[in-house]
Amino acid sequence: PLQLQALAHHVAGHVVMSFAMGCPAVSAAIDGPYDDPGYALPGGGRKLTIRRRFLIAMAGHQAETRFLGEAFGLFADTANERLAFDMLHVMREFEAMGLRGMGASALFRGQLGRVLGDLLGRAAVWDRIVDVAEALMARRSLTAVELAGLVPAEVAVLGLKLLDETRPQAEAACSGA
C-alpha cells in the first residue's frame, strides 16, 4: 500500500532529522493512514530550539514528497494535511513557551530550506530515512534503541555541522533561534 509507505517515510523523515539535530527520537510509530497518522517523538528538551523544531517538523513532508515522486499528486491532500498537522503542533509548542505570534523572515525560511535540501539530498541521510521507513513498515513501532541502531552518529555530526554553519544567518533573521 503506497499510502502507508508514504506515511512511513513521513515519520522516518522526522526521526532522521531529530537525530541530525542532536535531539534523537525516543520512539516512532505508524498505525495506518486511517487511524492515528503516526508519530515520531524527538528527545532533547531544551535543545529543541525553534530552528530545530521547524526542521524536524518539515522533514516529514520533505521525505514523504521525495518518496512519492510523480505519484505525489495522487496523495497531495493527505500529505498536505500531515504537513498542516505538523505545523500546528509546532505552533502549539511555541504558544506553550510563550512565543505567540512569531513570524519567520524570508532569510530564516530560506536558511531552513537550504538545510533541509542539503541533508535530504545526501544519500547517507536519505538511505537512513528509507531504513527507518522499512523498519516501521515491518514493525509499526520502534523504540529509542531500535532507532539509534538505524541512524548512525554521522547523521548527527552532519546535521549539527550544517546547523552551526547557518547559525549567524538564522540568528540575524529570527531572535528565537
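Refer to the structure presented above.
We now turn to the structure provided with this report. What you see as residue numbers is a count from 1 along each chain, following the sequence as written. Reporting of local features is limited, given that this is a predicted model, to residues whose pLDDT is at least 70; pairs of side-chain atoms are given and counted only at 80 or more, and all residues count toward the totals for whole chains, interfaces and linings. Derived side-chain values reflect all non-hydrogen atoms in the structure, with water molecules and hydrogen atoms excluded from consideration.

1. Considerations on the overall build of the protein
What the protein contains, in helices and strands, is seven helices and three strands. What you see in the protein, going N to C, is helices and strands ordered as α-β-β-α-α-α-α-β-α-α. Note on classification: 1.4 Å probe, protein chains only; a residue is buried when its accessible area is under 20% of the maximum for its type, exposed when over 50%, partly exposed between these limits. In the protein, which comprises 177 residues, the proportion classed as buried is 47%. Method for areas: the Shrake-Rupley scheme with a 1.4 Å probe, in which residue coverage is limited to the protein chains shown. When the accessible area of the protein is evaluated, it comes to approximately 8,600 Å², of which 58% is carbon and sulfur surface. Helix and strand definitions here come from DSSP, where helices need a minimum of 4 consecutive H or I residues and strands a minimum of 2 consecutive E residues; each element is numbered from the N-terminal end.

2. Focus on the packing of aromatic side chains
Here the distance between the centres and the angle between the planes together describe a pair of aromatic rings. In summary, the pairing rule links any two rings of Phe, Tyr or Trp, Trp by its six-membered ring, whose centres are within 6.5 Å, and it sorts them by plane angle into stacked for under 30 degrees, edge-to-face for over 60 and tilted for everything else. Tallied over the entire structure, the rule returns zero aromatic pairs. Only when the NZ of Lys or the CZ of Arg is both within 6 Å of the ring centre and within 35 degrees of the ring normal is a charge said to sit over the ring. Directly above the ring of Trp126 sits Arg66, whose terminal nitrogen or CZ lies 4.3 Å from the centroid.

3. Details of the pairing of strand β1 (residues 25-29)
The side chains of a regular strand alternate between both faces of the sheet. Taking burial as the measure, the five residues of β1 include four buried ones, the bulk of the element. Relative to strand β2 (residues 39-42), β1 runs antiparallel, the two sharing four bridges. Looking across to β2, one finds that Ala29 is bridged to Tyr39. Two strands qualify as a pair provided that DSSP identifies no fewer than 2 bridges between them. Of the strand pairs in this sheet, β1 and strand β3 (residues 141-143) are connected by three bridges, and their pairing is antiparallel. Bridge pairing in β3 links Ala28 to Leu142.

4. Quick word on the pattern of salt bridges
Salt-bridge detection follows one rule: a side-chain nitrogen of Lys or Arg within 4 Å of a carboxyl oxygen of Asp or Glu. Here the structure, examined in full by the defined rule, presents three salt bridges. Close ionic contact of Asp118 with Arg122 constitutes a salt bridge, the shortest N to O distance being 2.7 Å. Using a relative accessible area of 28% as the deciding quantity, one classes Asp118 as partly exposed. Between Arg139 and Glu146 there is a salt bridge, with its nearest N and O atoms 3.8 Å apart. A residue is classified by how much of its surface remains accessible, and Glu146, at 29% relative accessible area, is partly exposed.

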